[in-house]
Amino acid sequence: MKFMKLGSKPDAFQSDGNNIRYIATELASDVVISVGDVKFDLHKFPLLSKSSKLQKLVASTNEVNGDEIHIHDIPGGPTAFEICAKFCYSMTVTLNAYNVVAARCAAEYLGMHETVEKGNLIYKIDVFLGSSIFRSWKDSIIVLQTTKSLLPWSEELKLVSHCADAIASKASVDVSKVDWSYTYNRKKLPEENGNDPNWNGVRNRMVPKDWWAEDLCELEVDLYKQVISNINKRGVISGEVVGEALKAYTLRNLPGFNKGGDDMLNARSIVDAIVWLLPADKGCVSCSFLFKLLKAALLVDIGEMAKKELIRRIGQHLEAASASDLLIRAPDGEALIYDVEIVRNILEEFTKPDQNSKIQLAEEDGNEIQEIRRPGILTEASKLMVAKLVDVYLAEIAKDPNLPLATFVDLADMVSGCSRPSHDGLYRAIDMYLKEHPGVSKSERKRICKLMDCKKLSVDACMHAVQNERLPLRTVVQVLFFEQVRAAASSGSSTPDLPKGIKDLNSGSHGSSRSATTNTEEDWDAVATVEELKALKAEVAALRLGSGRNGGEVRHSNADKAAAGKMKGLIMSRKIFSKIWSGKVGGQSCDNSGSDSSESHVSAIPEESNSTPSRNRRRSVS
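The rules behind these values
Residues numbered from 1 in each chain as written. Predicted model: local features only at pLDDT ≥ 70, side-chain atom pairs only at ≥ 80, totals over all residues. Heavy atoms only, no water. UniProt positions renumbered as here; feature names shortened; annotations may be inferred. Phe/Tyr/Trp six-rings, centres within 6.5 Å; stacked < 30°, edge-to-face > 60°. Helix = DSSP H or I, 4+ residues; strand = E, 2+ residues; numbered from the N terminus. Buried < 20%, exposed > 50% of the residue type's maximum accessible area, 1.4 Å probe, protein only. Core = buried A, V, L, I, M, F, W, Y, C linked by side-chain atoms within 4.5 Å. Contact = heavy atoms within 4.5 Å. Axes fitted to C-alpha atoms, helices over the stretch in contact; angles between N-to-C directions. Parallel < 35°, antiparallel > 145°, perpendicular 65-115°, else oblique. Left-handed = near helix turned anticlockwise from the far one by under 90°. pLDDT = per-residue confidence, 0-100. Pairing = 2+ DSSP bridges. Salt bridge = Lys/Arg side-chain N within 4 Å of Asp/Glu carboxyl O.

An unreviewed UniProt entry annotates the protein chain as Phototropic-responsive NPH3 family protein originating from Rhododendron simsii. Reading the Sequence similarities (unreviewed entry) entry of the UniProt record for the protein chain gives the comment "Belongs to the NPH3 family."

Student: Give a detailed account of the packing of aromatic side chains, specifying residues and quantitative values.
Tutor: All chains considered together, the criterion is met by nine aromatic pairs. Look at W180 and W211: their rings are 5.8 Å apart centre to centre, the planes differ by 70 degrees, and that puts the pair in the edge-to-face class. Note that W180 is positioned in the loop between α8 (159-171) and α9 (213-216) and W211 in the loop between α8 and α9, a separation of 31 residues in sequence. For W211, a relative accessible area of 0% puts it in the buried group. On the basis of an interplanar angle of 45 degrees and a centroid distance of 5.2 Å, the ring pair of F408 and Y433 is categorised as tilted.

Student: I'd like a description of the nonpolar core, backed by residues and values.
Tutor: Among the nonpolar cores identified, the biggest contains 164 residues, and L42, W212 and L216 are the most heavily contacted of them. In this structure L42 touches F13, I23, S29, D30, V31, I33, L47, F81, A85 and Y89, once residues within four positions along its chain are discounted.

Student: I'd like a description of the packing of helix α4 (residues 100-110) against helix α5 (residues 121-131), backed by residues and values.
Tutor: A pair of packed helices is characterised by two quantities: the angle between their axes and the separation of those axes. Between α4 and α5, whose axes approach to 9 Å, the crossing angle comes to 150 degrees. As judged from the angle between their axes, α4 and α5 are roughly antiparallel. Both α4 and α5 take part in a crossing whose hand is left-handed. When α4 is examined against α5, the residues V100, A103, R104, A107 and E108 are found in contact with a partner set consisting of L121, I122, I125, D126, F128 and L129.

Student: Before we move on, can you summarise the confidence of the model for the protein chain with the specific residues and values?
Tutor: Across the protein chain, pLDDT averages 77, with 69% of residues at or above 70. Within the model, pLDDT remains below 50 along residues 566-622, and this stretch shows 141 contacts once partners closer than five positions in the same chain are excluded.

Student: How would you explain the packing of helix α3 (residues 77-88) against α4 if you had to name every residue and give the values?
Tutor: For the pair α3 and α4, the least separation of the axes is 9 Å and the interaxial angle reads 70 degrees. Judged on the interaxial angle alone, α4 and α3 are roughly perpendicular. Residues A80, F81, I83 and C84 of α3 lie in contact with α4, whose contacting residues are A102, A103, A106, A107 and L110.

Student: An account of the sheet that holds strand β5 (residues 38-42) is needed here, citing residue identities and associated values.
Tutor: Overall, mixed pairing links the five strands, which are arranged β2-β3-β5-β4-β6 in an open sheet. Looking along the sheet, the strands with just one partner apiece sit at the ends: β2 (13-15) and β6 (68-71). Across the sheet, the mean angle separating the axes of adjacent strands is 25 degrees when strand polarity is ignored. Where β2 and strand β3 (residues 20-23) come together, three bridges link them in antiparallel fashion. Of the residues in β3, the one forming a bridge with F13 is I23. α3 contacts β2, β3, β4 (31-35) and β5 of the sheet and is inclined by roughly 10 degrees relative to β5.

Student: Which residues make up the pattern of salt bridges, and what are the values?
Tutor: According to the stated counting rule, one finds 22 salt bridges in the structure shown. Across the pair R312 and E309 runs a salt bridge, and its minimum N-O distance is 2.8 Å. Taken together, the residues span about one helical turn, with R312 and E309 both in helix α14 (residues 304-317) at a distance of three residues. Owing to a relative accessible area of 30%, R312 belongs among the partly exposed residues under this scheme.

Below you can see the structure in the form of structure tokens.
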């Protein structure tokens, strides 16, 4: 630590109790100066020769008060005044980083300028600050910390700005030129632990780029904000390094605060400051850190502008988030477990680049919008990652019994434009919602199941869906249909044999009049029973295994036969299958562009004879 000694005479100040200070000398004191609750018995001449303030106070002292002067507003209080008084008596006084700001402010208050006497205290302190303190890394930080208790004097004297500028200047120095002491405990380098095999006993380690971050964590948030702002203005340090420093400061100072009181106010100030100090470039801080900052911001209730800024930044990084990041607890008193609305806002920010680019193209061309990739437009990879993220998130919030179906559907719709190859994650979320909300109506089941594309379910997901008693019958039939299409394609048959009932539909025949007249939309939107699911599964199994087991017999129980009969009637409905053919069931397309229009649709439903409800013959899919 740097220090400066002033004066040459021995220190003669003594105490009489805690509240009286005097100088042991043969000369009687002729002035009493009360500073706060401490009285100083001193002599006029040495004081008045260096302080214009005391000259005026002594001159204005009336006969009633005698020679006692009251000073209650001197910065630094009795301690700082004593330093100034010792300087006036030419007694030895030592200035260092801890007391120099208080002495400088007190000297300014007392008017100890060069116009009063050459070589006065203000001049000597300024020289000490410029030649020593501001050139020392740690001393500059200590001095900056002391300025907080001496506001507004330290601010008016530009001591705060000078300290902040000195710190920013040193932090911006090339790391190869850093040769002073600093604190760095976050990452131990191999040679620091003595584990470096190439270490030859000479310490010659590289200085990390964020060497300065840990020392600045000791600053209060207002001072820290000023230093980082100065660093950013210089433009020498990269955004990644600044981001790492902000993360270190947040983790050091934010945890452990209690909700309410001064801790709450301090935490709010920290979060707000960090938000506005974040580097503008994308990727300078991790998405996980941004979410932690957002959760803290919601807890301490920062302003709307800072909250919107955080949401905007998270939206730019959303593809790097995890589902646990999105699980933000709802405020106390809310019906929902998680804050779904803020996730919706984040998703809106994520989709803005594409929306803005389309608007820009429309304004420029004035015609139909064309799909042209330009900088700033979201990539397909980022869309796919966010879509998968939302699927996992939906599965988690689906466990909330109070989550409205409309909210679930709206969130899923926000990423419906992302063309993901698999809908297994979405199916899992839908299944979880139906499991936790058994009281949803038929129309609501139909609505939520429309979100997924049955063609994009894996084999395992299809096997689960076929046995899922929570799904509407319409969805189960769709899953079976597309599973049979996939089985036909894998067998190498471009136009697999279609059951007679479906051939009749394609040729215009209505099949049985019963199925055409008695089956309604409600039959298809109703939840499938266990027997119906068994019947459907058996039909597809028969088609899959038919090529290897011709002539075999499938034994049905009476319940299975009854279910199969009901399923036969539903499957023969021209109305429903015409929707499947045209791609309207569940809002999904069922085209097979590689086959002729007359035989372009493959059914998972086997051919059955019109004369008997049972089936003794299997058809091969090969």
